[in-house]
Amino acid sequence: MKRVRQWLAAWATLAVLVSPLPASAASTPIHFADLNWESGSLITDILRIIVEKGYGLPTDTLPGTTITLETALANNDIQVIGEEWAGRSPVWVKAEAEGKVVALGDTVKGATEGWWVPEYVIKGDPAKGIKPLAPDLRSVEDLARYKHVFKDPESPGKGRFLNSPIGWTSEVVNKQKLKAYGLSDSYVNFRSGSGAALDAEITSSIRRGKPILFYYWSPTPLLGRFKLVQLQEPPFDAEAWKTLTDADNPNPKPTRSLASKLSIGVSAPFHKQHPDIAEFFSKVDLPIDPLNKALADMSEKRTPSREAAEAFLKAHPEVWQAWLPKDVADKVAAGL
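Predicted model, so just to flag it, every value in this text is computed and none were measured. (Residues numbered from 1 in each chain as written. Predicted model: local features only at pLDDT ≥ 70, side-chain atom pairs only at ≥ 80, totals over all residues. Heavy atoms only, no water.)

Novice: In this structure, what is going on with the overall build of the chain? I would like to understand it.
Specialist: Looking only at helices and strands, one finds 16 helices and eleven strands in the chain. Projecting the C-alpha coordinates of the chain onto the three principal axes gives extents of approximately 95 × 45 × 35 Å. Counting across all 336 residues of the chain, residues that qualify as buried make up 47%. Residue pairs in contact within the chain that sit at least 24 positions apart in sequence constitute 71% of those at least 6 positions apart. As displayed, the chain has an accessible area near 16300 Å², and 55% of this comes from carbon and sulfur atoms. For the chain, the centre of its 40 positive side-chain charges and the centre of its 40 negative side-chain charges are spaced 4 Å apart. (Helix = DSSP H or I, 4+ residues; strand = E, 2+ residues; numbered from the N terminus. Buried < 20%, exposed > 50% of the residue type's maximum accessible area, 1.4 Å probe, protein only. Contact = heavy atoms within 4.5 Å. Areas by Shrake-Rupley, 256 points an atom, 1.4 Å probe, with all protein chains shown as cover. Lys, Arg positive; Asp, Glu negative; His and termini not counted. Charge placed at Lys NZ, Arg CZ, Asp CG, Glu CD.)

Novice: Could you clarify how one ought to interpret the packing of aromatic side chains in this entry?
Specialist: Tallied over the entire structure, the rule returns twelve aromatic pairs. Plain terms: the ring middles of Trp 168 and Trp 217 are 5.6 Å apart, the flat faces sit at 75 degrees to each other, and that makes the pair edge-to-face. Here Trp 168, found in the loop between β7 (155-163) and α7 (169-180), pairs with Trp 217, found in strand β9 (residues 213-218); they are 49 residues apart in sequence, far enough to count as distant. The exposure classification of Trp 168 matches that of Trp 217, with both residues buried. By way of ring pairs, the aromatic residues Trp 37, Trp 168, Phe 214, Tyr 215, Tyr 216 and Trp 217 are connected into one cluster. Directly above the ring of Phe 190 sits Arg 160, whose terminal nitrogen or CZ lies 3.8 Å from the centroid. (Phe/Tyr/Trp six-rings, centres within 6.5 Å; stacked < 30°, edge-to-face > 60°. Lys NZ or Arg CZ within 6 Å of the ring centre and 35° of its normal.)

Novice: How should the environment of Arg 207 be read in this particular structure?
Specialist: Looking at the element boundaries, Arg 207 is found in helix α8 (residues 195-207). For the pair Arg 207 and Phe 226, spaced 19 residues apart in the sequence, the C-alpha separation amounts to 9.5 Å. Apart from residues lying up to four places away in sequence, Arg 207 is in contact with Arg 225 and Phe 226.

Novice: Looking at this structure, I do not really get the pattern of salt bridges. What am I missing?
Specialist: Opposite charge on two side chains allows them to pair when their charged atoms are near. Counted under the stated rule, the structure contains 18 salt bridges. Across the salt bridge formed by Arg 160 and Asp 152, the nearest N and O atoms sit 2.7 Å from each other. The two residues Arg 160 and Asp 152 agree in class, both being buried. Residue Arg 225 is joined to Glu 300 by a salt bridge in which the shortest nitrogen-to-oxygen separation is 3.5 Å. One end of the pair, Arg 225, is in helix α9 (residues 221-225); the other, Glu 300, is in helix α13 (residues 288-301), and 75 residues separate them in sequence. (Salt bridge = Lys/Arg side-chain N within 4 Å of Asp/Glu carboxyl O.)

Novice: Would you mind going over the pairing of strand β3 (residues 80-85) with me for this structure?
Specialist: Residues in a regular strand project their side chains so that they alternate between the two faces of the sheet. Of all six residues making up β3, six are buried, and the element is well covered by its neighbours. Pairing analysis gives four bridges linking β3 to strand β11 (residues 262-267), with the strands arranged antiparallel. Bridge pairing links Glu 84 to Ser 263 in β11. (Pairing = 2+ DSSP bridges.)

Novice: Sorry, what's going on with the packing of helix α4 (residues 66-74) against helix α5 (residues 90-97) here?
Specialist: Angle between the axes and distance between the axes: these two values describe a pair of packed helices. The N-to-C vectors of α4 and α5 enclose an angle of 10 degrees; their axes lie 9 Å apart at closest approach. By the angle class used here, α4 and α5 are roughly parallel. Between α4 and α5, the residues in contact are Ile 67, Glu 70, Thr 71, Leu 73 and Ala 74 and Val 91, Trp 92 and Ala 95, respectively. Here the residues of the contact of α4 with α5 are counted per class, giving six nonpolar, one polar and one charged. (Axes fitted to C-alpha atoms, helices over the stretch in contact; angles between N-to-C directions. Parallel < 35°, antiparallel > 145°, perpendicular 65-115°, else oblique. Nonpolar A, V, L, I, M, F, W, Y, C, P; charged D, E, K, R; others polar.)

Next comes the structure, spelled out in structure tokens:
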């Protein structure tokens, strides 16, 4: 009897050793950047759901600032940045030149970024009893004479420019633009603590009909919800752009930002290890109008990005099925 028990125990041990593990247990998670702005978080979760349900691979997210996440991608500490404004930061440019990162696709055509004001600041809004406060405001060159309109509450002699949070590449660019446009003595460079704080301050000011000057971009909920005007900037100049992305350059030159191209950033090892997923990433094409609407709904209803991503995939199968082989698309559909 003792020998029988030993024999059964040996077989049980062998069965455990040779039994295949589930994919989720056998595979190391694919680390996505945890992007702290709405479009970044929504796009990230759209990609994660497809990777999990269509390709059967586990994923997770790791937080950080734009610069630290790009550095982590170059070191393969993370494998995917779902919304990469490729070619903007020196960290990305260096890593790409060294072959450590790859930008895949042109994921959101029509994306843009710049300095904005609510339309009522220029045109007024008779229905709300708002008179135009800066009727001739057209470009960044006009801002010096309208600093009183955007008065900073803590420095009344200056206007306030609402910049990106510290750690975003755009925060450095905007700080340098204030110098390049000769506005450093006229405007306070005010940085919000997070993407959510930036959104909250802009939304609060617009709902109260207050003037506000701020940096922003598209795709975003705000552009789908409010009438905004983007201020004109000088034509793009590649050499001037280098001075804006260099935080230590003492003499930045004026230029509008590099033309926006949103891609999916991946590490070189990931690109080599998962060519099928890289192929899928290269085909991602999110129409900007449905995307802005989804972002607006997500913001207004305070829907978690994962839930909003599932809703987007269910509502627009014709969009994402075009990115995938049929068998993968079928798995995603079944998983939803």
